[in-house]
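Chain by chain, the residues:
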Amino acid sequence: MSMKYRPAWDPENPFVAVSSGTTHIFKTGTQRSEKPVFVNKTASCRNACPIGINIPLAIHKASSGDMDGALGVYLEENPLPGVCGRVCYHPCEKECNRALFDEPINLRSFERFVSDHGRVDIRKGLPLGTRKKSIAVVGSGPAGLSAAYHLARIGYLVTLLEAQSELGGMLRYGIPPYRLPKSILDKDIQRILSLGVTVRTATKVGRDPAWEALKLYDAVFLAVGLQVGKNPFAGKEPNDSILTGTEFLRDPQRWSLEDENQRVLVIGGGNVAIDVARTLLRLRRGQGRNITVLCPEQRELMPAIPEEIAEALEEGISIINGWAPHGIRPTDSGGISLDLFRAEVKRDTATGNLRIVKVGEEARRVPAERVILAVGQGLDAGVLPRELEIKRDKILTNASKATSLPSIFAGGDAAGEKAFVADAIASGKKGALAIHLYLEGAVFDDELRDHQIGQSGSLSFQHFFEKADQPLYDLRNVVTFEQINTLFFSKKARALPGKLAPDDRKKAFEEVTGGLGAESMEMEWGRCFRCGTCIDCENCIDFCPDMSILKDMKAGSYIFNPDYCKGCGMCAVACPRQVISMKAEHA
């Protein structure tokens, strides 16, 4: 700095450094052994998200008043934000760094809010229909919708083939409307179709048309799902009192179970079992005294989403843990009786599979008029090509989602992925990239390595589209809680959405969980650390003792002046979000 005058001498503070010229003559950068590096990194929530959504960037845009931009961030990776904002099991929240400070950010509610309030024309700037190669996507569940969406964004001609009369797969025919209103699903699907995707419903590939007809396409993505409910009593049923959870949820009114005096046993501890019990409760207008869920897992080990279990219990559903059926017999009244043994679930150390084991000699017998089995789903292999390699009820694929047949790829739970919506969407996205690279003659592993998020298996489609921005983003570097400077944050309670009262909600199919209001949502996104994402707080400029931090307006980032930065690291310490890190001068 320069001084135009010399201040008066103060006897109380006689040692005042005064310059009558400029400090620019002191090239303090020569003292530097380390240098600051400004690079956006990956937040732990994004690393945990199967879809790989850049959540901190979306929150930053929303908090800046750009709700459309926030939705755009989600749509770079996820074509179904309205769906996921309601039914996702939100592993992102479990890994949220804020959880180690007070409570995790309510990220599922944020995704719902952005989807409900943002507006984006996803067609803008995309090369729609510019590639003349055509691709068939068989199945319109979350994996198929995701694959069709991303392939269309790249520019391919996509045809979506669905066996049912409407699109959505298990999103439409497996998730009850009190969790996912059909209007929300339809909104997300229409956005996908706006990319020019051709739709053929009521088309059962393998029957009509035959598989040979798909040879007209340059590639095929199988997202057929696991549609067949497993029945361990198949061939042993004494009467027609047994059905599967998938059969029931596909058309609940079909089975004439509205009579509250009918005793119904739901076997299973997963989401399907809980959905079956709660759907039946609503068919019976809230009368649940004869609805019982029975599963081998203890309550804390049930695979269903914990909040769904809690809501079922609030609604009066009875859940019996630690028992499993081993026999079935008819009763004189025309019903059935299940023989149960005390059980627990253990993981096989050799295969890694879960298995039910008997514990002790305790046994019991439970009568019922109907039994609904929700013990897993299987693959309908009868409609698949006979040459397709299948093992343990799963379509075998390699790392690039390619099957044993040329030009045919597969994803979703039919290919062994986790049976969650988010994982299916991620599988479809990866399948879309794999098909594109296959048709381009590129190496999948190389591209995956370039766009992989953290050490997880998820990848960034936004990073794939915007390769010019790669130097400003280190996808592999995941920010931990220990790297957050929490001195810049204060503790605040997590915002929770409202829910319908149990006595009201169990009598109808209205959506149980509401969304956060604008004021609550604003407070919630204000809690977010924005880990690894520069939000232009300019702490680095304020705390730099050498005034050597400069903002590069063109690149939208910060740089340091090498003549004056002495590598003290103050900027890295002052950065609350670990965007700035120190590296050796000649590294």
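These numbers were taken from a predicted model, which means no experiment stands behind them. (Residues numbered from 1 in each chain as written. Predicted model: local features only at pLDDT ≥ 70, side-chain atom pairs only at ≥ 80, totals over all residues. Heavy atoms only, no water.)

Undergrad: Any chance you could break down the packing of aromatic side chains for me, citing the residues and the numbers?
TA: As enumerated under the stated definition, the model contains 12 aromatic pairs in all. Ring centres of Phe110 and Trp525 lie 6.3 Å apart, and the angle between their planes is 90 degrees; on these two criteria the pair is classed as edge-to-face. In this pair, Phe110 sits in helix 6 (residues 107-117) while Trp525 sits in helix 17 (residues 518-526), placing the two residues 415 residues apart along the sequence. Accessibility expressed as a relative area gives 0% for Phe110, which makes it buried. Geometrically, the ring pair formed by Phe488 and Phe543 is edge-to-face, given 6.3 Å between the ring centres and 90 degrees between the ring planes. Of this pair, Phe488 sits in the loop between strand 20 (473-478) and helix 16 (502-505) while Phe543 sits in helix 18 (residues 539-543); the two residues are 55 residues apart in sequence, bridging distant segments of the chain. You can call Phe543 partly exposed: its relative accessible area is 40%. Put simply, the rings of Tyr74, Phe110, Phe113 and Trp525 touch in pairs and so form one group of aromatic residues. Sitting over the face of the ring of Tyr178, Arg282 holds its NZ or CZ atom 4.1 Å from the ring centroid. Looking at Lys491, its charged tip hangs above the ring of Phe101, at a distance of 5.4 Å from the centre. (Phe/Tyr/Trp six-rings, centres within 6.5 Å; stacked < 30°, edge-to-face > 60°. Helix = DSSP H or I, 4+ residues; strand = E, 2+ residues; numbered from the N terminus. Buried < 20%, exposed > 50% of the residue type's maximum accessible area, 1.4 Å probe, protein only. Lys NZ or Arg CZ within 6 Å of the ring centre and 35° of its normal.)

Undergrad: Give me the pattern of salt bridges: which residues, what numbers.
TA: Think of it this way: side chains of opposite charge can pair up when their charged atoms draw near. Per the counting criterion, the structure on display carries 39 salt bridges. A salt bridge links Glu511 to Arg86; its shortest N-O distance comes to 3.0 Å. Of this pair, Glu511 sits in the loop between helix 16 and helix 17 while Arg86 sits in helix 4 (residues 81-87), placing them 425 residues apart in sequence. Classification of Glu511 as partly exposed rests on a relative accessible area of 23%. We classify Arg86 as buried; its relative accessible area is 8%. Ionic pairing is found between Arg329 and Asp339, a salt bridge with its closest N-O pair at 2.6 Å. (Salt bridge = Lys/Arg side-chain N within 4 Å of Asp/Glu carboxyl O.)

Undergrad: Describe the environment of Leu354, and please don't skip the residues or the numbers.
TA: Turning to its location among the elements, Leu354 is positioned in strand 14 (residues 354-368). Residue class for Leu354 comes out exposed when judged on its relative accessible area of 55%. For the pair Leu354 and Ala572, spaced 218 residues apart in the sequence, the C-alpha separation amounts to 46 Å. In contact with Leu354, other than residues within four places in its own chain, are Val345, Lys346 and Arg347. (Contact = heavy atoms within 4.5 Å.)

Such coordinate-based values are descriptive only and should not be taken to indicate function.
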